[in-house]
Amino acid sequence: MKTLASLFILLAFFSCKTESKKTLPDKDKPVSVMAGSDTLIYEEEKHFKSIRQVTFGGDNAEAYWSFDDSKLVFQSNNAAWGMQCDQMFLMKSEETFKDSQPPMISTGMGRTTCAYFLPDNEHIVYASTHLVNKECPEVPLRKNGKYVWPVYDSFDIFVADLNGNVVTQLTNEPGYDAEATVSPQGDKIVFTSTRSGDLELYTMNLDGTEVLQITDELGYDGGAFFSPDGTKIIFRASRPKTDEAITEYKELLAQGLVQPTEMELFICNSDGSDLKQLTFLGNANWSPFFHPSGEKILFSSNFEAEKGFPFNLYLIDIDGKNLERVTHGKTFDAFPVFSNNGKFLAFSSNRNNGGTRDTNLFIAEWRD
């Protein structure tokens, strides 16, 4: 869960990895299910019964379902919609936007990230920089020749209604507060903050009270989601180990920057106890989300890539076993999110973009 513009430059700038990696069978021969040279479903994507493309231009990602599965909120920087940087948009679950534009439900000021529905299906939480600056903040992509993400200390978390009115500000601590998601049980929010001096995970009540820090290890902890029963949290994290890596991490963070090129998945109880590393794959493993069973994680990774991409979706058991490749694209598949009823999967992909860099939203009918 990060700024879209920098996420998709990721494909061009990831460094090659030389260490040995666990690999899966390479099956990339596509079968077209539509006219044209691009495809929506590849032959090996057995978990997809059907698929629908939702957006058709720009960078679109982090589509999250309402609790009743009737709507989704997502972020986009689509220039055709007048966007200069990421803002939040609302859609009905059956809609597509090839020749139309969804309603924007953020302020249109600053940069936004990571919207998520509250249990009443009439409000969302999201992070925004608009209180500090109404303009889009700069997006640095390289620092000392290395790819970086910005961590804006102007991000705070807000509650808004579906007409775009901000009704509550949930965080006001100095530093970065963002990446908020809500428990399927409808009682807690998990988010990332720098209030401790490092990028750690916190939980709070829906009204912003009872803030609890649940991680406390050097590195970027973020992109967290609750399990369906609300008892566990899955997230991705960097863990610098060498003196050189630790120094570099701290120096970049002091400048509001992080390197996202080496991340693994971690799982813990919702109070932070019983923390375990789930993946040991190398490269970038991120955007994890619980399978409706609560026994598996669907996530995006480029661990099989030698030049930074492709990113594909993978399933893994919550004990780290039975790794399975789900998508078979040659560019970018990420941000997988199951509907609450478990029947559908929203995700972002470069498929069917006509050779451009556009990243669009897709909704697949999930077989199991």
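Residues numbered from 1 in each chain as written. Predicted model: local features only at pLDDT ≥ 70, side-chain atom pairs only at ≥ 80, totals over all residues. Heavy atoms only, no water.

Considering the overall build of the chain
Stage number 1. In terms of helices and strands, the chain carries two helices and 27 strands.
Stage number 2. Relative to all contacts within the chain whose residues are 6 or more apart in sequence, the contacts with residues 24 or more apart total 52%.
Stage number 3. Within the structure as shown, the chain displays about 14,800 Å² of accessible surface, and the carbon and sulfur contribution to it stands at 47%. (Helix = DSSP H or I, 4+ residues; strand = E, 2+ residues; numbered from the N terminus. Contact = heavy atoms within 4.5 Å. Areas by Shrake-Rupley, 256 points an atom, 1.4 Å probe, with all protein chains shown as cover.)

Topic: the sheet that holds strand 10 (residues 156-161)
Stage number 1. With antiparallel pairing, four strands are arranged side by side in an open sheet as 5-6-10-11. In the strand order of this sheet, the two ends are held by strand 5 (112-117) and strand 11 (166-169), each with one partner. Across the sheet, the axes of successive neighbouring strands diverge by a mean angle of 25°, strand direction being ignored.
Stage number 2. Pairing of strand 5 with strand 6 (residues 123-128) involves four bridges; the strand directions are antiparallel. Its bridge partner lying in strand 6, tyrosine 116 is registered against valine 125. (Pairing = 2+ DSSP bridges. Axes fitted to C-alpha atoms, helices over the stretch in contact; angles between N-to-C directions.)

Re the pairing of strand 10
Stage number 1. Extensive coverage of strand 10 is indicated by the burial of six of its six residues.
Stage number 2. Of the two faces of strand 10, the one holding Asp156, Phe158 and Ala160 and the one holding Ile157, Val159 and Asp161 are both buried throughout.
Stage number 3. Where strand 6 and strand 10 come together, six bridges link them in antiparallel fashion. Across the sheet, the residue bridging to tyrosine 126 is phenylalanine 158, located in strand 10.
Stage number 4. One ladder, built from three bridges, connects strand 10 with strand 11; its direction is antiparallel. Within strand 11, the position partnered with phenylalanine 158 by the bridge is glutamine 169.
Stage number 5. Following strand 10, the chain reverses through four residues before pairing antiparallel with strand 11; glycine 164 in that reversal takes a positive phi of roughly 90°. (Buried < 20%, exposed > 50% of the residue type's maximum accessible area, 1.4 Å probe, protein only.)

Thoughts on the packing of aromatic side chains
Stage number 1. Counting across every chain of the model gives 24 aromatic pairs.
Stage number 2. Geometrically, the ring pair formed by tyrosine 64 and phenylalanine 225 is tilted, given 5.9 Å between the ring centres and 50° between the ring planes. Of the two residues, tyrosine 64 sits in strand 2 (residues 60-65) while phenylalanine 225 sits in strand 16 (residues 221-226), which places them 161 residues apart along the sequence. Grouping residues by exposure puts tyrosine 64 and phenylalanine 225 together as buried.
Stage number 3. When the ring of tryptophan 286 is compared with that of phenylalanine 335, the centres are 5.2 Å apart and the planes differ by 80°; the resulting orientation is edge-to-face. Highlighted residues: tryptophan 286 in strand 21 (residues 285-290) and phenylalanine 335 in strand 25 (residues 333-338), separated in sequence by 49 residues.
Stage number 4. A relative accessible area of 1% means that tryptophan 286 is categorised as buried. (Phe/Tyr/Trp six-rings, centres within 6.5 Å; stacked < 30°, edge-to-face > 60°.)

Considering unusual backbone geometry
Phi is mostly negative for residues that are not glycine, and the peptide bonds are mostly trans.
Stage number 1. Here the amide bond leading from phenylalanine 309 into proline 310 is cis, since omega sits at 20°, within 30 degrees of zero.
Stage number 2. Here proline 310 lies in the loop between strand 22 (296-301) and strand 23 (312-317).
Stage number 3. Backbone geometry at glutamate 179 places phi at a positive 60°, although glycine is not the residue there.
Stage number 4. By secondary structure assignment, the location of glutamate 179 is in strand 12 (residues 177-182).

Observations regarding the nonpolar core
Stage number 1. Core analysis: the biggest nonpolar cluster contains 86 residues, and Ile124 and Val125 have the highest contact counts within it.
Stage number 2. Sort the elements by how many residues they give to this core and strand 27 (residues 360-366) lands first, with five residues.
Stage number 3. In contact with isoleucine 124, other than residues within four places in its own chain, are Val73, Ile105, Ala115, Tyr116, Phe117, Leu118, Phe158, Val159, Ala160 and Leu162.
Stage number 4. Core analysis: the next-biggest nonpolar cluster, separate from the first, contains ten residues, Val190, Leu201, Ala224 and Phe235 among them. (Core = buried A, V, L, I, M, F, W, Y, C linked by side-chain atoms within 4.5 Å.)

Considering the environment of glutamate 95
Stage number 1. Note on placement: glutamate 95 falls in the loop between strand 4 (87-92) and strand 5.
Stage number 2. Each C-alpha atom, one on glutamate 95 and one on lysine 71, is 9.2 Å from the other, the two residues being 24 residues apart in sequence.
Stage number 3. Among residues more than four places away in sequence, those in contact with glutamate 95 are Arg52 and Val54.
Stage number 4. Polar contacts involving the side chain of glutamate 95 include one to the main-chain amide nitrogen of lysine 92, which spans 2.7 Å. (Polar contact = N/O pair within 3.5 Å; in protein donor to acceptor, adjacent residues only side chain to side chain.)

Remarks on the environment of alanine 80
Stage number 1. Examined against the element boundaries, alanine 80 turns out to sit in the loop between strand 3 (71-76) and strand 4.
Stage number 2. For alanine 80 and glutamine 101, which are 21 residues apart along the polypeptide, the C-alpha to C-alpha distance reads 8.9 Å.

Coordinates in, geometry out; function isn't part of it.
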